[in-house]
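The lines below spell out each chain.
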Amino acid sequence: MEPSTQPSSLRPSTRAVHAGRPDRTPDSPLNEPITMASTYVAGGTTEYGRYGNPTWTALEEAIGSLEGGRCLTFASGLAAVSTVLDLVGAGQKVVAPRHSYNGTVMQLADLESRGRIVAELVDITDTDAVVSACADAALVWLESPTNPALEVADIATITAAAQEAGAYVVVDNTFATPLLQTPFDHDVDIVVHSATKFLAGHSDVLMGAVCTRDDELYDVLKSRRDLLGAIPGAFEAWLTLRGLRTLHLRVERAQANAQELVTRLREHPAVGEVRYPGFGAIVSVVLAPSDTNQGELAADLLTRKTSLWVHATSLGGVESTFERRRRWKTEPATIPDALVRMSVGIEDVEDLWDDLRQALDGCVG
Ligand SMILES: *Cc1c(COP(=O)(O)O)cnc(C)c1O
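Residues numbered from 1 in each chain as written. Predicted model: local features only at pLDDT ≥ 70, side-chain atom pairs only at ≥ 80, totals over all residues. Heavy atoms only, no water.

### Regarding unusual backbone geometry
Leave glycine aside and you will find that most residues have negative phi; peptide bonds, for their part, are mostly trans.
Here comes step 1: Looking along the chain, the bond that leaves Ser144 and enters Pro145 is cis, with omega of -5°.
Here comes step 2: Tracing the backbone through its elements, the reader meets Pro145 in the loop between strand 4 (139-143) and helix 6 (155-164).
Here comes step 3: A cis amide bond links Asn147 to the next residue, Pro148, at an omega of 0°.
Here comes step 4: Tracing the backbone shows Pro148 in the loop between strand 4 and helix 6.
Here comes step 5: The backbone of Thr177 sits at a positive phi, close to 65°, despite the residue not being glycine.
Here comes step 6: Along the chain, Thr177 turns up in helix 7 (residues 177-180).
Here comes step 7: Located in the positive-phi region is Ser203, a residue other than glycine, with phi close to 55°.
Here comes step 8: By the secondary structure assignment, Ser203 is in the loop between strand 6 (190-194) and strand 7 (208-212). (Helix = DSSP H or I, 4+ residues; strand = E, 2+ residues; numbered from the N terminus.)

### Observations regarding the packing of aromatic side chains
Remark: the centre distance and the inter-plane angle together describe each pair of aromatic rings, the angle taken between the planes.
Here comes step 1: In total, this model carries three aromatic pairs according to the counting rule given.
Here comes step 2: Summarising the aromatic geometry, the rings of Tyr48 and Tyr51 are spaced 5.9 Å apart at their centres and angled 70° between planes, so their arrangement reads as edge-to-face.
Here comes step 3: On the accessibility criterion, Tyr51 (34% relative accessible area) is partly exposed.
Here comes step 4: Both rings, one in Phe235 and one in Trp238, keep their centres 6.1 Å apart while their planes meet at 15°; by these two values the pair is stacked. (Phe/Tyr/Trp six-rings, centres within 6.5 Å; stacked < 30°, edge-to-face > 60°. Buried < 20%, exposed > 50% of the residue type's maximum accessible area, 1.4 Å probe, protein only.)

### Quick notes on the UniProt feature "modified residue: N6-(pyridoxal phosphate)lysine" (unreviewed entry) in the protein
Here comes step 1: According to UniProt, the feature "modified residue: N6-(pyridoxal phosphate)lysine" (unreviewed entry) maps to Lys197 in the numbering used here.
Here comes step 2: Looking at the element boundaries, Lys197 is found in the loop between strand 6 and strand 7.
Here comes step 3: With a relative accessible area of 9%, Lys197 lands in the buried category.
Here comes step 4: In contact with Lys197, other than residues within four places in its own chain, are Tyr101, Thr174, Ser314, Leu315 and Gly316. (UniProt positions renumbered as here; feature names shortened; annotations may be inferred. Contact = heavy atoms within 4.5 Å.)

### What about the nonpolar core?
Here comes step 1: Residues Ile63, Val140, Leu142, Ile158 and Leu244 are the most contacted members of the largest nonpolar core, which totals 45 residues.
Here comes step 2: Structurally, this core is a two-domain feature, drawing no fewer than three residues from each of domain 1 (12-245) and domain 2 (248-361).
Here comes step 3: Contact partners of Leu142, with chain neighbours within four places excluded, come to Pro97, Ile124, Ile155, Ile158, Thr159, Val169, Val170, Val171 and Asp172.
Here comes step 4: Membership of the second largest hydrophobic core comes to 31 residues, among which are Val271, Val285, Met342 and Val344. (Core = buried A, V, L, I, M, F, W, Y, C linked by side-chain atoms within 4.5 Å. Domains from an automatic or database assignment.)

### Side note on the sheet that holds strand 3 (residues 118-122)
The strands that make up a sheet are held in pairs by hydrogen bonds between backbone atoms, and each pair lies either parallel or antiparallel.
Here comes step 1: Ordered by their spatial adjacency, seven strands build an open sheet running 1-7-6-5-4-2-3, and the pairing between neighbours is mixed. The strands lining the two open edges of the sheet, one partner per strand, are strand 1 (70-74) and strand 3. Strand-to-strand twist in this sheet, taken as the mean axis angle between neighbours without regard to direction, amounts to 20°.
Here comes step 2: With two bridges connecting them, strand 2 (residues 93-97) and strand 4 associate as parallel partners. (Pairing = 2+ DSSP bridges. Axes fitted to C-alpha atoms, helices over the stretch in contact; angles between N-to-C directions.)

If you want it as structure tokens, here you go:
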């Protein structure tokens, strides 16, 4: 569904700027204001602050317009993930990439340990194996590219097989953003975002989003949000929409920076491997092993030796950040110890490289 005021012929960059704006009546603001309300005068369609808020609605129109579906926003990406996983009936099976976002994998493990679901974690690049795993699944979770391994799934083939088997297909589109990948083109059922990352884009807000083109599914998810209560704050929704207005500029610049850095990183002797799917602004590097260790010491050293790159978790902000992912105990053992996930920002690429190169130089040997 396109928001009523936005012709679908408009290109994505224009929709990022224009979708979800108030009607143009004299003296109305150009931007949807922040509505602080826990309750509304009775007799309307919203009634209570857990059921709706005009500031969320504006953000939902904008994200929905970019993905090509109807959107619901949530308090965080993981609130969106848990609301979608709540669709799975007792004892039913979920197929998911073993290298999904760590919080998603942990949520699946938690649900499985309490007997709520059966989870099968798969190598998402092995399409045949994923297709066979889909046969008795109720829900197939895709993340592409994966976090932080940056593997790419064959979304079209897996979706067709999973839907044939009667499973819902969900794509976590956080890394690609709707500007680089629109999963509804492959007829998936649900698209999920950690809007905390690129959509909001300024490392100052947590926000989640769920999109679907299916009105019935929308109603089910909306009623789950109403009951579970994982709703966003009005101020956070407003900040996210403000950030979203420049999504296309940020993604374009960050991606160009990432592509340039990938070329240079591949030449540096301290770097053993560069993982990059060819698009987007997330790059993972595996530091080369030395005589004394597998590269994890170099990876830790790298994150301490920069002045511009910030050592921090999360990603998708205007500022470049990076971290050694295995510093988190819950990160799967199949992620190399020496892997540093880099979230490339929108700074001048020469400054980013100068800072990175001097730090990498100090990691050689
Ligand atoms: C960060 C992230 C999430 C979780 O989102 P939060 O906003 O941190 O709750 C989910 N999926 C991916 C791919 C992420 O990077």
